[in-house]
Amino acid sequence: MSERHESFGRIEVAPEVLVTIARYAVQGIEGVQQLVPVPADIARLFQRGLRQDGVLLDLSENKVRFNIYAIMAPHVNLLETSRTIQTAVTEAIDTMVGIPVDAVNVFVEDVHYGKGEVV
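Residues numbered from 1 in each chain as written. Predicted model: local features only at pLDDT ≥ 70, side-chain atom pairs only at ≥ 80, totals over all residues. Heavy atoms only, no water.

A. Focus on the overall build of the protein. Broken down by element type, the protein carries 3 helices and 5 strands. When the helices and strands of the protein are read in sequence order from the N terminus, they spell out α-β-α-β-β-β-α-β. Here the protein, with 119 residues, has 35% of them falling under the buried criterion. Of all intrachain contacts in the protein linking residues separated by at least 6 positions in sequence, the fraction that spans at least 24 positions is 67%. (Helix = DSSP H or I, 4+ residues; strand = E, 2+ residues; numbered from the N terminus. Buried < 20%, exposed > 50% of the residue type's maximum accessible area, 1.4 Å probe, protein only. Contact = heavy atoms within 4.5 Å.)

Dropping the structure here:
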């Protein structure tokens, strides 16, 4: 059986919505302590990109790409946590908006140790 989808008009999703979805997807991941502002030198390179709270959205070349800047908790596997971020952002955007994500680049800016914690 074939499903038929009728279109009654155009649907637009603001780039800010994509950034908000990505930000909330990352904040729910164990091991991510916080998102940090996009470094100024990177922000200059992506002048047309939308950036907010550690998430940089690049919509160039008809592709959706995210750069995520995070501080991680100590004693987590950074590689696994970064891959979890990539999967969470990709799935959240696909589920909520139906737009395929070309790339999710994760930049671990720091690991935050509490007072008295030993490496």
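B. Representation of the nonpolar core within the structure. In this structure, Phe66, Ile68, Ile85 and Val89 are the most contacted members of the largest nonpolar core, which totals 24 residues. When residues of this core are traced back to their parent elements, those giving at least two are α1 (15-27), β1 (32-35), β3 (55-58), β4 (65-72), α3 (78-96) and β5 (103-111). In terms of residue count, the dominant contributor to this core is α1 (6 residues). Excluding anything up to four places from it in sequence, Ile85 contacts Val26, Ile29, Val32, Ile68, Met72 and Val106. (Core = buried A, V, L, I, M, F, W, Y, C linked by side-chain atoms within 4.5 Å.)

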